[in-house]
Amino acid sequence: MNTTIQSKIHGLIKNIKNEKISHNDQSLFCSYFYDLDSLKTHSQEIVRELPQSCQMFYATKANSELPILKTLSEDVHGFEVASLGELELIQQHFPNHPIIFGGPGKTNDELAACLKSKQVELIHIESFFELIRLSDLCKKNKQSCDILLRLNIELPSLPKTKLTMGGSPTPFGMDEETLISCLSFISRQNDIHLKGIHLHLASLQTCEETHLNLIADYFDYFKKLQKHGQLTLNHLNVGGGIGINYNDPNHKFNWRYFCSKLDTIIKNKELTNTTIRFECGRYISAFCGYYAIEVIDIKETHDQNFIICRGGTHHFRTPYAQGHSHPFTILPIEHWPHSYTRPELKQATANIVGQLCTPKDKLAYNRHIHHIRVGDIVIFSHAGAYAWNISHHNFLRHPQPDMHFIKG
Ligand SMILES: *Cc1c(COP(=O)(O)O)cnc(C)c1O
């Protein structure tokens, strides 16, 4: 954890704890913190480093808390949404930002809302049937619309990561056979304008070279399609998918290096006149979030130590969703008002778990603990993306965490 942010969050937690103590409030500590200042610095840098022909849209689904969106809106080029709910949220609060609409299973209502919206710039079409339905709506409304076709194709450098979404059966995008049917259909319409293609074939990419190779393959495919299909395409969406090294958070994807290499590839492949658009989520918002929870109990069972905290995967599903042990730090809290002995653990290996009645409620495992006591606070970093918003909040009906947005 960055030391300034660390001391800022420690200070805030201590203030909240002291406030509780002075009011004799026995409730246990459980909060999300979002550092909007570091989010701002990070997103500014991401956009600043982009090669000239590139744009950065934020994938709203990664974290759609309003203060997060507001902070990002100052720097990103627009928002990627994948539901009517996300579309309405962005339209309501950011009426001047361009929007792209993607995602499988679009309803007719969603497609109609896209056509009606002045902000939706492109619809990413995921299937042949979706294209037919959009075309029908265009005719009924006497409207035209700009689209990208989302592809799921095999590429030479497609990595095999946990969240690979391409070159294998998934509900996302279309294979070449369907692409050909779509192209033939589009060529007979005058109200559907194909601007380019969309490829989001891998997530959780933590190696710059691997991701550069994948994008270089996207470029080659795009050029091949233009040439063989005799199409004038000027737009290529390369998706998101930049990962976070949850197991080794100090090893951060080097965005600046990635962008400088990308710039060279764009020039070498003569794609400087094509708009290349990113739609990143995780890499933008993960770093700004922290989930801080109080230790309730410490126990040993069958030779393993368990540190049980207020909260769990119903608030913070990220480690379970990705199958990793999540990075954390411990904030010691000195206050101990009870007459009974304070349980503690010193120089031991332990699992950090939540309060749910399921063995899957694990946040960190096999971690060395220097010292921890009941009443101390465990702070999970990198909790700003696919964290609170992907969790099953009502499972067991425990209290929900407080939300703190830190600014200035
Ligand atoms: C989820 C998603 C993204 C964002 O992915 P990240 O891994 O968060 O960068 C971008 N595009 C599509 C189509 C997605 O489904």
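Just so we're clear, the structure is a prediction, and the values are computed from it rather than from any experiment. (Residues numbered from 1 in each chain as written. Predicted model: local features only at pLDDT ≥ 70, side-chain atom pairs only at ≥ 80, totals over all residues. Heavy atoms only, no water.)

**Points about the pattern of salt bridges**
Per the stated rule, a full pass over the model turns up 16 salt bridges. In this structure, Glu74 and Lys40 form a salt bridge, with 2.7 Å as the shortest nitrogen-oxygen distance. Here the residue Glu74 occupies a position in the loop between helix 3 (66–73) and strand 3 (78–81), and Lys40 occupies one in helix 2 (residues 36–49), the gap between them amounting to 34 residues. Looking at Glu74, the relative accessible area reads 51%, which means it is exposed. According to the relative accessible area criterion, Lys40 is partly exposed, its value standing at 22%. Close ionic contact of Asp75 with Lys40 constitutes a salt bridge, the shortest N to O distance being 2.7 Å. Taken together, the residues span a long stretch of sequence, with Asp75 in the loop between helix 3 and strand 3 and Lys40 in helix 2 at a distance of 35 residues. One network of salt bridges, in which partners are shared, links Glu334, Arg342, Arg373 and Asp376. (Salt bridge = Lys/Arg side-chain N within 4 Å of Asp/Glu carboxyl O. Helix = DSSP H or I, 4+ residues; strand = E, 2+ residues; numbered from the N terminus. Buried < 20%, exposed > 50% of the residue type's maximum accessible area, 1.4 Å probe, protein only.)

**What to know about the site of the ligand**
Of all residues adjacent to the ligand, which total 13 residues, the nearest are Lys61, Gly241, Glu279, Arg282 and Tyr386. Backbone polar atom of Gly241 to an oxygen atom of the ligand: 2.8 Å apart, as the coordinates give it. Between the ligand and Glu279 there is a distance of 2.6 Å, counted from a nitrogen atom to a side-chain nitrogen or oxygen. Across the shell around the ligand, the residue classes tally to three nonpolar, six polar and four charged. (Near = heavy atom within 4 Å. Polar contact = N/O pair within 3.5 Å; in protein donor to acceptor, adjacent residues only side chain to side chain. Nonpolar A, V, L, I, M, F, W, Y, C, P; charged D, E, K, R; others polar.)

**A few points about the UniProt feature "domain: Orn/DAP/Arg decarboxylase 2 C-terminal" (unreviewed entry) in the protein**
The sites that carry the UniProt feature "domain: Orn/DAP/Arg decarboxylase 2 C-terminal" (unreviewed entry) are, in the present numbering, residues 287–384. As annotated, residues 287–384 has a helix share of 5% and a strand share of 50%, and its two end C-alpha atoms lie 6 Å apart. (UniProt positions renumbered as here; feature names shortened; annotations may be inferred.)

**Topic: the state of the cysteines**
A complete count under the given rule lists zero disulfides for this structure. Lacking any disulfide linkage, Cys138 is separated from the closest cysteine sulfur, that of Cys145, by 4.5 Å. For Cys288, which is in no disulfide, the shortest distance to another cysteine sulfur is to Cys280 and amounts to 15 Å. Under the relative-accessibility criterion, Cys288 is labelled buried at 1%. (Disulfide = S-S within 2.5 Å.)

**Side note on the environment of Lys17**
Locating Lys17 in the fold gives a position in helix 1 (residues 3–22). Owing to a relative accessible area of 11%, Lys17 belongs among the buried residues under this scheme. Lys17 sits 318 residues away from His335 along the chain, and the two C-alpha atoms are 9.1 Å apart. Residues in contact with Lys17, not counting those within four places in the same chain, are Phe29, Glu294 and Ile333. (Contact = heavy atoms within 4.5 Å.)

**Section: the domain arrangement of the protein**
Once the domains are mapped, the protein shows domain 1 (3–35 + 287–406) and domain 2 (98–280). Computed from C-alpha coordinates alone, the two centres of domain 1 and domain 2 are separated by 39 Å. In this complex, domain 1 contributes eight residues to the contact, which on the side of domain 2 involves eight residues. Approximately 810 Å² of surface area, both sides summed, lies buried where domain 1 meets domain 2, with 63% of it carried by carbon and sulfur atoms. By the criterion of area lost to domain 2, the three top residues of domain 1 are Phe287, Gln322 and His382, representing 60% of everything that side buries. For the pair domain 1 and domain 2, the number of links is zero salt bridges. The tally of links from domain 1 across to domain 2 stands at zero residue pairs in polar contact (both at pLDDT 80 or more). When the residues that make up the side of domain 1 that touches domain 2 are grouped by side-chain class, the tally is two nonpolar, six polar and no charged. (Domains from an automatic or database assignment. Buried area = accessible area lost by both parts, 1.4 Å probe.)

**Here's the deal with the packing of aromatic side chains**
Counted under the stated rule, the structure contains 19 aromatic pairs. Between Trp336 and Tyr340, the aromatic rings sit 6.0 Å apart at their centres with planes inclined by 80°, giving edge-to-face as the arrangement. By relative accessible area, which is 24% here, Trp336 ends up partly exposed. Residue Tyr340 is classed as exposed on the basis of its relative accessible area, which comes to 51%. In this structure an aromatic cluster arises from ring pairing among Tyr32, Tyr34, Tyr291, Phe316, Phe328, Phe380, Trp388 and Phe405. Of note, Lys252 hangs over the ring of Phe287, and the distance from its end group to the ring centre comes to 4.5 Å. (Phe/Tyr/Trp six-rings, centres within 6.5 Å; stacked < 30°, edge-to-face > 60°. Lys NZ or Arg CZ within 6 Å of the ring centre and 35° of its normal.)

**Topic: helix 7 (residues 176–187)**
With twelve residues, helix 7 extends 16 Å between its outermost C-alpha atoms, agreeing within 8% with the 16 Å of an ideal straight helix rising 1.5 Å per residue. Within helix 7, burial applies to Leu179, Cys182, Leu183, Phe185 and Ile186. Buried residues of helix 7 fall within an arc of 165° about the axis and therefore sit on the same side. With respect to the buried face of helix 7, the exposed residues turned more than 90 degrees away are Glu177, Ile180 and Ser187. Looking at the buried residues of helix 7, the elements they touch are helix 6 (128–141), strand 6 (145–150), strand 7 (192–198) and helix 8 (208–228). (Expected span 1.5 Å × (residues − 1). Arc of directions from axis to C-beta.)

**Thoughts on helix 9 (residues 255–268)**
The end-to-end C-alpha distance of helix 9, which contains 14 residues, comes to 20 Å, matching closely the 20 Å that a straight helix rising 1.5 Å per residue would cover. Listing the buried residues of helix 9 in full gives Trp255, Phe258, Cys259, Leu262, Ile265 and Ile266. For helix 9, the buried positions fall inside an angular range of 120° around the axis, keeping them on one side. Those residues of helix 9 that are buried lie in contact with helix 2, strand 2 (54–59), helix 8, strand 9 (275–280) and helix 10 (282–285). N-capping of helix 9 is provided by Asn254, with a side-chain oxygen placed 3.3 Å from the backbone N of Arg256. Positive backbone phi, at 50°, marks Glu270, one or two positions downstream of helix 9.

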